[in-house]
Amino acid sequence: MLKSLNLINSIKSKNDIPSKEKWLKYLFCTSQKNVNLRNVSDISKISSRVTLDYVKRTLEVLEQEKDNYDKAIVSVVEDVLKWSEVAKTGSFNDRESWKKKYDLEVHNEASAEIYKDNCKCDYLTYVLIKTHGLVGQYIQGEVNLDKNFELTKLILDKRITKEKLYTILVLLNECVIKPVRVGLYDKVKKDINKAISDIVENNYSKVNFYNSNYLLKRFKNLFPDKTTEEFEQLKVHLENNTIKNSVGFIFENFELWYPYAALRNYKLEEILKIFLITKANVTTEKKSINFNPFMDEVYYMYKGMKVENIFKQRIIESYLANYTINEFADGNIPQNEHIEISFNSTINSYLVGMSFSIQAQKLIEFCEVAYGTSDVFNQSVYLLYDLFGFRRDKYDRFYNEISYLNTMNSTIRFKTVILDYIKGKKCLDVGPGGGALLDLLESTKRFDRVVGIDVSSNVIEALNKKKAKEKKKWEVIKGDALNLKDYFKKGEIDTIIFCSVMHELFSYIETDGKKFNHKTIEMAIKSCYDILPKGGRIIIRDGIMSETNKNRIIVFK
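What counts as what
- Sequence order sets the numbering: in each chain, residues are counted from 1 along the sequence as written.
- With the structure being a predicted model, the display of local features is reserved for residues of pLDDT at least 70 and the display and counting of side-chain atom pairs for 80 or more, all residues being used for whole-chain, interface and lining totals.
- No hydrogens and no water enter the side-chain calculation; it runs on all heavy atoms of the structure.
- By the criteria applied, helices consist of DSSP H or I runs no shorter than four residues and strands consist of E runs no shorter than two, each listed in order from the N terminus.
- Accessibility here uses a 1.4 Å probe with only protein chains present; expressed as a share of the type maximum, an area under 20% marks a residue as buried, one over 50% as exposed, and anything in between as partly exposed.
- Here, residues are in contact when the closest pair of their heavy atoms is within 4.5 Å.
- Areas reported as accessible are Shrake-Rupley estimates using a 1.4 Å probe. Residue values count occlusion only from the protein chains shown.
- What the arc measures is the spread of directions leading from the helix axis to the C-beta atoms.
- A fitted line through C-alpha atoms serves as each axis, taken over the contacting stretch for helices, and the angle formed by two N-to-C directions is quoted from 0 to 180°.
- Oblique is the label for every angle not falling under 35 degrees (roughly parallel), over 145 degrees (roughly antiparallel), or within 65 to 115 degrees (roughly perpendicular).
- Nonpolar residues are Ala, Val, Leu, Ile, Met, Phe, Trp, Tyr, Cys and Pro. Charged residues are Asp, Glu, Lys and Arg, and all others, Gly as well, are polar.
- Residues are called lining when one of their atoms sits within 4 Å of a cavity or pocket point, these points coming from a 1 Å grid over the protein atoms alone, where a cavity is a set in which a 1.4 Å probe fits but cannot get out and a pocket is an open set with protein on both sides within 12 Å along at least five of seven lines.
- Grid points are joined across faces, edges and corners, and a volume is the space filled by probe spheres set on the points.
- Here the aromatic set is Phe, Tyr and Trp, taking the six-membered ring for Trp, and pairing holds for ring centres within 6.5 Å; pairs whose planes are under 30 degrees apart are stacked, those over 60 apart are edge-to-face, and all others are tilted.
- Two conditions define a charge sitting above a ring: the NZ of Lys or the CZ of Arg must be within 6 Å of the ring centre, and it must be within 35 degrees of the ring normal.
- Should DSSP find at least two bridges between two strands, the strands are regarded as paired.
- Whenever a nitrogen or oxygen atom comes within 3.5 Å of another N or O atom, the pair is scored as a polar contact, on the condition that within protein one atom can donate a hydrogen and the other can accept it, and that pairs from neighbouring residues in sequence are kept only if both atoms are in side chains.
- For a crossover, the right-handed case is the one in which the path from the first strand over the helix to the second runs clockwise, viewed with the strands pointing away from the viewer.

S.K.: Any chance you could break down the overall build of the chain for me, citing the residues and the numbers?
M.R.: When helices and strands are tallied, the chain shows 26 helices and 11 strands. Counting only residues that meet the buried cut, the chain has 52% of its 557 residues in that class. In the chain, 69% of the contacts between residues at least 6 apart in sequence involve partners at least 24 apart. Total accessible area on the chain is roughly 26900 Å²; 49% of this is exposed by carbon and sulfur atoms.

This is the structure we're talking about:
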């Protein structure tokens, strides 16, 4: 077994750590919880040594792969993995000392400096620590490929051969990516290896950061789950030279940290406005823009699950909606008495967060505690949000969602009749709730593919957790039922099922600014026709909510 992995497994207290193993002391003796919340399903279960746990998993991948590589290469990668996350850890005194010398927000570079100050520094290891993770960030659109040029320079300076560096980088990226999320490495492996090839061959193509098509591609890498319509609208906005130049300035000059985790639940136009606010508050004297404070504000625990704080989100949405894109683009950012996108800084980073007035903060705290406890409190929440002029659509579904999942599962015996009407071997369940229908479809063993699609991050996270725990084969996708062609090719699905979902689309989705709009249902049906083959089938099991609270008879034509 790798020496470092053996050491981690043997440690029971800080007194067991050999004095020369400073990397392990830093990882073990910490109460820091620096973690990308994008990859966490339960905030309450984040270990106080979450970084040590992650490093251990990276070393376990290396342990599995070590027999396929030369021992010298394995040794280098082991040292990189040991030190590459230390800037996220350390005791209180360690961190206070480090803050004076390093930018801990850019943890790869800070970790490299900490390694250099604590070890007989091997230059190859130093550069690998300093650049670790940047290939993955490049694939996600967060950094430019030339941020890896120090690796290329190792070859140009004849410190290492192309072949050896390529092998090290392939192994290192496998070790750091595989532990992040099951299946992630296989998904990005081809792109990772292509980027590594470009790095070792010094193939840095010239980039025009102020080209609309390039900017559109970067946004697609950053926010891949946005709809085709949103990207079409973004394309229109990027025809405005002021907007294009502002966004290009950000991509040309800064590394981005945690943008997806912080902003993924906002519409693309709202994200663009946040980027324009950011452009107005940064200069090139620093080299990274870090959304970590914003991300930390986005999530909290609700009834045992990680959820996005929709109350804060609605306040920000309201602020952004009050002004046009052009008003943000001119650099004179409109002020609001209740919300501010805030900017602080470290040695090399701008920290993007959100701050609220005392009134808004108290409102948020009240809503978090009160909502869902009784109808009286729910009505109070509605009234308060109306008073402040904040949007409140989707509240019912969002905050009833956790109990809603259980309710949906309990009614499965009434849904078995659906099986009699399914056609073909590939089924799509729109709005799968707690996954009961997915389980039912899989249990029949009649189908080659069973997929669920839902717009809610909470539903998708809960289903993925259930899938892993119960070893299910069905799939789930975060997506919009009104734009199925963005997720499936024509003929890829034979039967589409709307089980107790169509009424939600009708009641909660705004089309042309109006809920209870028949156009929403038309869009849903058209979306099905976009992907179903000839002879495909749509199954609807539902009732419908009337805005007049009267009975309604549905007649299908």
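Let's pick the thread back up.
S.K.: An account of the side chain of S84 is needed here, citing residue identities and associated values.
M.R.: Residue placement: S84 occurs in the loop between α4 (71–83) and α5 (92–99). Excluding residues that lie within four positions of it along the chain, S84 makes contacts with H107, S111, I129 and H132.

S.K.: Give me the lowdown on α5, citing residues and values where you can.
M.R.: The complete set of buried residues in α5 reads D94, R95 and W98. Seen along its axis, α5 keeps its buried residues to an arc of 90°; they face one direction. Along α5, the residues that are exposed and aim more than 90 degrees away from the buried face are F92 and N93. Buried-residue contacts for α5 involve α2 (22–28) and α6 (107–118).

S.K.: Now, about unusual backbone geometry: what can you tell me, with residues and values included?
M.R.: Located in the positive-phi region is Y258, a residue other than glycine, with phi close to 60°. Mapped onto the secondary structure, Y258 falls in the loop between β1 (255–257) and α15 (259–263). Owing to a relative accessible area of 13%, Y258 belongs among the buried residues under this scheme.

S.K.: Give a detailed account of the environment of Y529, specifying residues and quantitative values.
M.R.: Tracing the backbone through its elements, the reader meets Y529 in helix α26 (residues 518–531). Y529 sits in the exposed class, given a relative accessible area of 57%. C-alpha separation for the pair Y529 and K490, spaced 39 residues apart in sequence, amounts to 8.8 Å. What Y529 contacts, discounting residues up to four positions off in sequence, is K490 and I538.

S.K.: Lay out the packing of helix α16 (residues 268–279) against helix α18 (residues 310–321) in plain terms, naming residues and giving numbers.
M.R.: One way to put it is that α16 packs onto α18 with a least axis distance of 10 Å and a crossing angle of 75°. Our classification of the angle between α16 and α18 gives roughly perpendicular. Residues E270, K273, I274 and I277 of α16 form the contact with α18, whose own contacting residues are E317, Y319, L320 and A321. Classifying every residue of the contact of α16 with α18 gives 5 nonpolar, no polar and 3 charged.

S.K.: Please provide a residue-by-residue account of empty space enclosed by the protein, values included.
M.R.: Overall, the coordinates contain 4 cavities of 30 Å³ or more when judged by the stated rule. In this model, the second largest cavity occupies a volume close to 70 Å³. Taken together, 13 residues form the lining of the second largest cavity, with A262, Y266, V298, E308 and Q313 sitting closest to its centre. Among the secondary structure elements, those contributing two or more residues to the lining of the second largest cavity are α15 and α18. The element best represented in the lining of the second largest cavity is α15, accounting for 3 residues. Among the residues making up the lining of the second largest cavity, the classes are represented as 7 nonpolar, 3 polar and 3 charged.

S.K.: Summarise the packing of aromatic side chains; cite the residues concerned and give the values.
M.R.: This structure, assessed with the given rule, holds 19 aromatic pairs. Over the ring of F231 we find K220, and its NZ or CZ is 5.5 Å from the ring centre. Over the aromatic face of F249 sits the side chain of K279, whose NZ or CZ is 4.8 Å from the ring centroid.

S.K.: Requested: an account of the sheet that holds strand β2 (residues 288–290), with residues and values cited.
M.R.: Spatially, the 4 strands line up as an open sheet ordered β1-β2-β6-β5, and their pairing is mixed. Since the sheet does not close on itself, it has two edges, and those belong to β1 and β5 (339–345), each with one partner. Each strand axis lies, on average, 25° off the axis of its neighbour in the sheet, ignoring direction. Bridge analysis of β5 against strand β6 (residues 349–356) gives 7 bridges, and the strand direction is antiparallel. From the neighbouring strand, I341 faces β6, where its bridge partner is M354.

S.K.: Report on the sheet that holds strand β8 (residues 449–454), specifying residues and quantitative values.
M.R.: Spatially, β9-β8-β7-β10-β11 is the arrangement adopted by the 5 strands of the open sheet, whose pairing is parallel. Each edge of the sheet is formed by a strand with only one pairing partner; in this case those strands are β9 (475–478) and β11 (537–541). Within this sheet the neighbouring strands show an average axis-to-axis angle of 20°, counted without direction. When β8 meets β9, the two strands line up parallel, connected through 4 bridges.

S.K.: Residue-level account of the environment of T125, with values.
M.R.: By the element assignment, T125 lies in helix α7 (residues 123–131). By relative accessible area, which is 2% here, T125 ends up buried. Residues T125 and Y115 lie 10 residues apart in sequence; the distance between their C-alpha atoms is 9.1 Å. Ignoring anything within four residues of it in the chain, the contact list for T125 reads V76, D79, V80 and Y115. Of note is the side chain of T125, whose polar atom sits 2.7 Å from the side chain of D122.

S.K.: An account of the pairing of strand β7 (residues 426–430) is requested, with residue identities and associated values reported.
M.R.: Counting buried positions over the 5 residues of β7 gives 4, a clear majority of the element. Note that β7 and β8 share 5 bridges and pair parallel. Across the sheet, the residue bridging to K426 is R449, located in β8. Handedness of the crossover is the feature at issue here: the chain leaves β7, passes through helix α23 (residues 436–443), returns alongside β8, and the resulting connection is right-handed. Here 4 bridges tie β7 to strand β10 (residues 495–499), and the two strands are oriented parallel to one another. Counterpart to L428 in the pairing with β10 is I496.

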